[in-house]
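Below, each chain spelled out in residue letters.
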Amino acid sequence: MSFYDFSRVEKKWQKYWLENKTFKTQDNREKPKYYILDMFPYPSGSGLHVGHPEGYTATDILARYKRMKGFNVLHPIGWDAFGLPAEQYAVKTGTHPRITTEKNIERFREQLQMIGFSYDWDREVDTTDPNYYKWTQWIFLRLFERGLAYEDEQPVNWCPELGTVLANEEVIDGKSEVGGYPVIRRPMRQWVLKITAYAERLLEDLDDLDWPESTKEMQRNWIGKSIGAEVDFHVPDHNEKIRVFTTRPDTLFGATYMVLSPEHHLTDVLTTVEQKEEVQKYKDAAGQKSDLERQELTKEKSGVFTGSYAINPVNNKEIPIWIADYVLAHYGTGAIMAVPGEDERDWEFAEKYELPIIRTVQPPDDFDGKAYTGDGPSINSDFLDGLYITDAKTKIIDWLEENGVGKRSVNYKLRDWLFSRQRYWGEPFPIIHVDGKPKAVPEKDLPVTLPDVKNFQPTKTGEPPLAQAIEWVETTDPETGKKALRETNTMPQWAGSCWYYLRYISPDYEDGPVDQEAEKYWMPVDLYVGGSEHSVLHLLYARFWHKVLYDCGVVSTKEPFKKLVHQGMILGEVEYTACEVDGKVVSAEEASKYENVTKLALSESEVEKKGDRFVMKGTEITVDSKAHKMSKSRGNVINPDDVIKKYGADSLRLYEMFMGPLEQVKPWSTKGVEGVNRFLNRTWRLFFGEGESEKLNITHQEPDKDQLKTLHEAIKKVTEDIENMRFNTAISALMIFINEANSWNGVPKSIAEPFVILLSPFAPHIAEELWNKLGHSESLAYEPWPLFNEEFLKSDSIEMAVQVNGKVRANISVPSDRLKEKEFVIGLAKQQQNIQKYIDGTTSIKEIYVPGRIVNIVVK
RNA sequence: GCGAGAGUGGCGGAAUUGGUAGACGCGCCAGAUUUAGGAUCUGGUACCUUUACCGGUGUGGGGGUUCGAGUCCCCCCUCUCGUACCA
């Protein structure tokens, strides 16, 4: 029996594609373009995992399909190669990160080529290449000259373990996202990008994007726009005023005290002598707490009184000023007016410290809670009484503006982007400091390249590793000849990934980050596929840079990524685990009573389903059944190399797509890989039969009607499914074709050829080989995609269900040409024995006929 | 708490605008081939009842709209992801 030797065939075609540059994108601007982009990987030391090929296969299928549909396709790949792991490895071993990075890139490239992706390898970009980061620096200078990059002494998230500052987004639950080390707050000089200047545009332009709704919503929440008012509270004793932001100015009459954040600039001024000690103690305690500790203590509110009073501008009442860490320094103005009657947090605080509570909105009669945050008529509010929230807000804001004590205001949660890191392995800033002031390095001197250093470790004081390269740091200002110091911070990893999609368009262009003529043709990216973990950070930062470049006239579109899709995570194989206590297996509920529980892994054959849970076979002992995230510690990591070695790249591609919808989280199943592998073997045998020789089992006969129908059904389904990215059902359609065709006596060439093309985006290696064996000397990559013909889809008769009172009681076969004749079809239906059984002796109320779908006879 | 999404066989998952629920694959069962195993091929496989037909029940639970609901509406439950004192 002939068998499909995938390893020989796959190597052969991978070599062919590379040598012939089959997928080199021609800059032919006559054709319609399609720019299909993968989120480029960080080339880690551990190589690809099975998650990478998921999104990459999806885009590869579309890229191959679009080429055959006559599109000029841009489908590139590159490396997001700056980053912490290579640097930490350097700290440990002294190996320069460049060496590690190059080695890892090599490995990644090899692995990607082993899967048969149709990238244009002449457009590869590498963020650590000076020819690339020259332009990252160039873009930074654009930000700098527009006042969008500035230095600021500000409290930052300092991670002692990593020896660097982290962006807020890189801190999760008070710990570093990378490594999970503790993070403390500490003031340092930092570079900051003014992303807040673009908050409104970043928010507004989301509406027109074809992105997952959840991702857009996350960005909206992150930007966090809220509309309200700023109100000034006068503090007569100190002749100061405290400005607060509120979304509920209508509740101003209920403001019975004020709270400043411990970091607020007026805290010292406002604290009276008697309160000084207590306030200082509180401030110290708050400052020493990490974000994690602050969050852990959220259950119990705390605060101290400053001793001062402010005047509520609407009623001139004196209200006490407190300090509490439930007010955040970095949101709004860092101070609030507290309205306990209408705010749960304020209520909680007021109860604890016995501060007065005044309701300003009438709660409904059946309301028995504390703070009431719903709508209702205003009370205790003088000229606002009786008005509902919206009207009360308008009226009070008008009043505030007329009296010069407040104004309408919009506030954003989004903060400026902390852009510097105390690391070695990142882009140097194109900045020198002259007389203590930052100054741009002239464009002609770009790139500012990384100097070599001996030690990659940041100093304990937070001085970046670059500070050791004294000869590099000490320079002269080319303009004035004065002594100058280079900036020793480096950019964060996000920098390079903010614009890489532009570099692919003209990777060798020397007069700017991107050739503008080419940019006009290729942008925007038509489809961008990548993980949802980048929903906020990367995707928001890239949009920000893109808008700045748009304002600079570098790019022609407002938004970079027209359509975005996230691939779902691939979990490990389903595991069955039982709980064991003292060597005895017990149910999970039982086990929760003990402490010395060990987990016992079971095989599938040891368990069975009982009701809605799994139990150990023949017992009542419940067993846990779950697919876990792949992780080294759990030992359930699937390595794509192993899968390719055993089943081939086409099987890997096919399986990853066949598992289920692209966006969905799904568990891996090695048995499933075997299934698609069998399908490929069946396909091979369809062409070569069961004999020993590789003689084609292909006929030159005219195809019959059934064969045409089978083919055209497949064309229709596969085409529509690829367009809608339903790859799992497209593969199912290919399987149906093979199952059908296996019952034929030889496959006509005119059927076989279009099928091979349908198969090719999914399993390109076997498809190329079959195409070649069918007598073609060229690759099929640019063969026209087959079109389906409705004529061939029709059959002579159609099977239809007949229902009586909505229940199916018989099936009838209706000749296609009589489908429109309601009377005829219903007559036919009524002749069925089993139908007569149900309608005899009843009165017919209604007869429903949906041509081609159903007959329903309603009787009484 | 809040926001988003999802609950369909033993498992992964299919089901155009409401029109025969379970395509395709895995697993399982039976048979063929084979010295045997593996591989391959053929048939079967939601559940209950039945030798079989027939029949009954079924898309997380409850209610509703409809000739007809996995699909539309209301209430509830569970799970996943995101987020967390944002004034």
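Preceding this section is the structure that the text describes.
The following refers to the structure shown.

1. Quick word on the sheet that holds strand S19 (residues 437–440)
Move 1: If you walk across this open sheet you meet the 4 strands as S19-S18-S21-S20, and the pairing is antiparallel. Since the sheet does not close on itself, it has two edges, and those belong to S19 and strand S20 (474–476), each with one partner. Adjacent strand axes in the sheet meet at a mean angle of 45 degrees when their direction is disregarded.
Move 2: Examined bridge by bridge, strand S18 (residues 431–434) and S19 share 4 bridges and lie antiparallel to one another.

2. Some points on the protein's contact with RNA strand B
Move 1: In the region of RNA strand B, 51 residues are neighbours, and Thr247, Lys301, Tyr331, Arg345 and Lys413 sit closest.
Move 2: Atoms of RNA strand B within 4 Å of the protein: sugar and phosphate make up 66%, bases the balance.
Move 3: One of the side-chain N or O atoms of Thr246 is found 3.1 Å from a sugar or linking oxygen in RNA strand B.
Move 4: Among the elements that line the surface near RNA strand B, the one with the most residues is helix H23 (residues 727–741), at 6 residues.
Move 5: Here the residues of the surface near RNA strand B are counted per class, giving 21 nonpolar, 15 polar and 15 charged.

3. So, the packing of H23 against helix H24 (residues 749–759)
Move 1: Across the interface, H23 lies against H24 with an axial gap of 11 Å and an inter-helix angle of 155 degrees. Taken as axis vectors, H23 and H24 run roughly antiparallel relative to one another. H24 is crossed by H23, and the crossing has left-handed handedness. Where H23 approaches H24, its residues Leu734, Phe737 and Ile738 are matched on the opposing element by Ile751, Phe755, Leu758 and Leu759.
Move 2: Per-class residue counts for the contact of H23 with H24 are 7 nonpolar, no polar and no charged.

4. Observations concerning the pattern of salt bridges
Move 1: Counted by the stated rule, this structure contains 54 salt bridges.
Move 2: Note that Lys370 is salt-bridged to Glu351, the shortest N-O span being 3.5 Å. Taken as a pair, Lys370 in the loop between helix H11 (344–353) and helix H12 (389–402) and Glu351 in helix H11 lie far apart in primary sequence, 19 residues in all.
Move 3: Judged by relative accessible area, which is 42%, Glu351 ranks as partly exposed.
Move 4: With a closest N to O distance of 3.4 Å, Asp445 and Lys444 form a salt bridge.
Move 5: Overall, Asp445 belongs to the partly exposed group, its relative accessible area being 34%.
Move 6: The exposure class of Lys444 is exposed, given its relative accessible area of 67%.
Move 7: Linked through salt bridges whose partners overlap, the residues forming this network are Glu230, Asp232, Lys241, Arg243 and Lys407.

Rules of the game
- Residues numbered from 1 in each chain as written.
- Chains lettered and ligands numbered in written order.
- Predicted model: local features only at pLDDT ≥ 70, side-chain atom pairs only at ≥ 80, totals over all residues.
- Heavy atoms only, no water.
- Pairing = 2+ DSSP bridges.
- Helix = DSSP H or I, 4+ residues; strand = E, 2+ residues; numbered from the N terminus.
- Axes fitted to C-alpha atoms, helices over the stretch in contact; angles between N-to-C directions.
- Near = heavy atom within 4 Å.
- Polar contact = N/O pair within 3.5 Å; in protein donor to acceptor, adjacent residues only side chain to side chain.
- Nonpolar A, V, L, I, M, F, W, Y, C, P; charged D, E, K, R; others polar.
- Parallel < 35°, antiparallel > 145°, perpendicular 65-115°, else oblique.
- Left-handed = near helix turned anticlockwise from the far one by under 90°.
- Contact = heavy atoms within 4.5 Å.
- Salt bridge = Lys/Arg side-chain N within 4 Å of Asp/Glu carboxyl O.
- Buried < 20%, exposed > 50% of the residue type's maximum accessible area, 1.4 Å probe, protein only.

All quantities given are derived from atomic positions and should not be read as evidence of function.
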